[in-house]
Amino acid sequence: LFASYNIGRTDSGVLDLTCSSCLSPPSSVCMDKCTYVDTISLPNNPNGYYVSWERCCRNNALVNLTNPGNTGIAYYMEIPNPAIIDNSPRFNTDPLPFMCVGQDFVFDFSAVDPDGDVLVYTLETPLAGDLGYPSSSTINTVWASPTPGPYPIVQWASGYSVTNITGSAVPLSLNSTTGEMQIKADNLGYYAVAVEVKEYRGSVLIGLTRREIEFTVVSCPPNIPPQISYDNSTVENDSLTFTLFE
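I will try to describe carefully the structure that is included in this document. (Residues numbered from 1 in each chain as written. Predicted model: local features only at pLDDT ≥ 70, side-chain atom pairs only at ≥ 80, totals over all residues. Heavy atoms only, no water.)

**Quick word on the pairing of strand S11 (residues 180-183)**
Every second residue of S11 is oriented toward a common face, the buried set being Met 181 and Ile 183 and the non-buried set Glu 180 and Gln 182. Pairing of strand S7 (residues 105-108) with S11, which is carried by four bridges, proceeds in the antiparallel orientation. Residue pairing in the sheet places Asp 108 in a bridge with Glu 180 of S11. The sheet contact formed by strand S10 (residues 173-174) and S11 spans two bridges and is antiparallel. Paired with Ser 173 across the bridge in S11 is Gln 182. Linking two consecutive strands that pair antiparallel, namely S10 and S11, is a turn of five residues; a positive phi of about 80° is found at Gly 179 within it. (Buried < 20%, exposed > 50% of the residue type's maximum accessible area, 1.4 Å probe, protein only. Helix = DSSP H or I, 4+ residues; strand = E, 2+ residues; numbered from the N terminus. Pairing = 2+ DSSP bridges.)

What follows is the structure, given as structure tokens:
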């Protein structure tokens, strides 16, 4: 452990959640966004650095993890040697924490890198950290003194894994190049999801950023396809072409 820091919050607020297929966000789902800013000078280190924050515990209603109410969480990123001029990638969108059961769902996990580094996206097993089950017998809210990594991972519940996070007939997938996530969830519930963005420069891995969120699969009104009507009194049916944009 190199050092620990207390960083002040600069702003906070409730995210405006929108979802076209859900018409309006379900009242049971909400998300706050807080921003913490500081300037910290780090000495050059050929091994680079990692940044983490831990707490306990997770939502006990999560269905894809074993004993989630006693499982901690660790937020984590890696940065290269400060001698390398680098900006970490930033996600293009805030997380949307809900999806509709039985409906196709697409979410943009893509990020932008100011340096033009190559970004690769992968689904990962969430980190349990050192707070609570299964790595610790003591449940703590937040570590007074953070512990160094590597951190243990969560334990998937039966029927779930990093290759099928929601246990659906069509597993949740993530495009490694674009960061586009696709899923058609079969069952209602709460699901932990973790995505890593690996940053490559000249084919060398120089940085890593993790985003972990909790998706809620909810019931939504039926997504009714549009119906086309037209006047065919002057045009032959076989000469008409319709293009619809969702």
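**As for the packing of aromatic side chains**
We describe a pair of aromatic rings using the distance from one ring centre to the other and the angle between the two ring planes. Per the counting criterion, the structure on display carries eight aromatic pairs. Plain terms: the ring middles of Phe 2 and Tyr 49 are 5.6 Å apart, the flat faces sit at 65° to each other, and that makes the pair edge-to-face. Of the two residues, Phe 2 is situated in the segment before strand S1 (9-14) and Tyr 49 in strand S3 (residues 49-55); the sequence distance between them amounts to 47 residues. Between the aromatic rings of Tyr 76 and Tyr 151, the centroid separation amounts to 6.2 Å while the plane-to-plane angle is 80°, which identifies the pairing as edge-to-face. Residue Tyr 76 is located in strand S4 (residues 73-79), and its partner Tyr 151 is located in the loop between strand S9 (118-124) and S10; the two are separated by 75 residues in the primary sequence. A single burial state applies to Tyr 76 and to Tyr 151, both of which are buried. A network of ring pairs unites the aromatic residues Phe 105, Phe 107, Phe 109 and Phe 215 as a single cluster. Against the face of Phe 91 rests Arg 211, its NZ or CZ located 4.1 Å from the ring centre. (Phe/Tyr/Trp six-rings, centres within 6.5 Å; stacked < 30°, edge-to-face > 60°. Lys NZ or Arg CZ within 6 Å of the ring centre and 35° of its normal.)

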